Amino acid sequence: MGEGGIIGKQNISTTTSASGVWPLNQVFLRNTVGTEWPSFNAPDSVSYNLLGGGGGCAGSGTGTYTGGGAGAALFQGTFAPLGGTTYTVTVGAGASNGSGSDGGTSSIVGVVNAAGGGSGSAPSGGGVGGSNTSFTGGSSSYSLAAGGGAGAGENGFPNSNTYYGGDGGDGVTVPLHPTGLTAGGGGGGSGLFDGGSPGTGGGGTKLGGSGTANTGGGGSGNQSNNTPVNGGNGGSGRVILRYGDGFPAATTVTGNPTVTVSGGYRYYDFTSSGSIMF
């Protein structure tokens, strides 16, 4: 007994037509996203690493001894993206020296927000290093020195001597960076004779150095003596996405992230704000 069938012309899918039953939202996307039927091969899960902007030094060159800015804490997680949906990626700016503000927030809008590092301050009795969402800045018992900023991996250090600033806390290894990156180092505190050393991972060099761009590193404290130097700015943040390379490349990407395919994964490394659609 032969099998039944439908006699008629076979409908071939093209860039402007496709056979099958299409929900209204997919038809809407077909007519608004682009000239082709949208790809709904979004990955099942996307992993993310985010660093906000680093904190700066709130002090000017003279009259105060200010704590180092905090490196940004590392935010990690996963989400299941919706095919055809644009996800806005924001890379937080580093805090400006002298402003007393925190580093900018990095985010995947609607998914996660990653706060930046706090700026170092100069209260009476000795400057205090900035804190982040995981660790605290170092304090000072002396009016002529300040503590170091917190890092993504540890607390900032208090100053251990009357005239020398405390060291910044170390950052952490960023797990999703395809070639290896240490980020989120805290800036060293200021001191009359010498400033504290920066934490590994982008903390600003002692006495006025700014945090390294795209590490979320904290700026170091100011120099306040016969040759005054303003404190450092915080370093800008970063957003990294990763998913299995068995799924297609993203449909649309803006912001010029570095795209790497390695070890069974696709990586999108944003060092400036942009967007991505799967």
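Residues numbered from 1 in each chain as written. Predicted model: local features only at pLDDT ≥ 70, side-chain atom pairs only at ≥ 80, totals over all residues. Heavy atoms only, no water.

**Section: the nonpolar core**
Next, step 1: By size, the foremost hydrophobic cluster in this structure holds 19 residues, and its most contacted members are Ile108, Val239, Leu241, Phe270, Ile276 and Phe278.
Next, step 2: For this core, the secondary-structure elements that each account for two or more residues are β1 (46-51), β3 (86-90), β5 (112-114), β8 (238-244) and β11 (265-270).
Next, step 3: Residues contacting Leu241, with those up to four places away along its chain left out, are Val46, Ser47, Tyr48, Ile108, Arg266, Tyr267, Tyr268, Phe270 and Ile276.
Next, step 4: Core analysis: the next-biggest nonpolar cluster, separate from the first, contains 8 residues, Leu51, Ala72, Leu74 and Ile240 among them. (Core = buried A, V, L, I, M, F, W, Y, C linked by side-chain atoms within 4.5 Å. Buried < 20%, exposed > 50% of the residue type's maximum accessible area, 1.4 Å probe, protein only. Helix = DSSP H or I, 4+ residues; strand = E, 2+ residues; numbered from the N terminus. Contact = heavy atoms within 4.5 Å.)

**Let's talk about the sheet that holds strand β12 (residues 274-277)**
Next, step 1: Spatial strand order, β5-β4-β3-β12-β9: 5 strands in an open sheet with antiparallel pairing. Only two strands of the sheet have a single neighbouring strand rather than two, namely β5 and β9 (252-254). On average, each strand axis in the sheet is inclined to that of its neighbour by 15 degrees, with strand direction left out of account.
Next, step 2: Judged from the 2 bridges that link them, β3 and strand β4 (residues 106-108) form a sheet pairing that is antiparallel. For Val89, the partnering residue across the bridge sits in β4 and is Ile108. (Pairing = 2+ DSSP bridges. Axes fitted to C-alpha atoms, helices over the stretch in contact; angles between N-to-C directions.)

**Section: the side chain of Ser119**
Next, step 1: Structurally, Ser119 can be placed in the loop between β5 and β6 (172-173).
Next, step 2: A polar contact is formed between the side chain of Ser119 and the backbone nitrogen of Gly56, at a distance of 3.2 Å.
Next, step 3: A distance of 2.2 Å separates a polar atom in the side chain of Ser119 from the backbone oxygen of Ser101. (Polar contact = N/O pair within 3.5 Å; in protein donor to acceptor, adjacent residues only side chain to side chain.)

None of this, on its own, says anything about what the molecule does.
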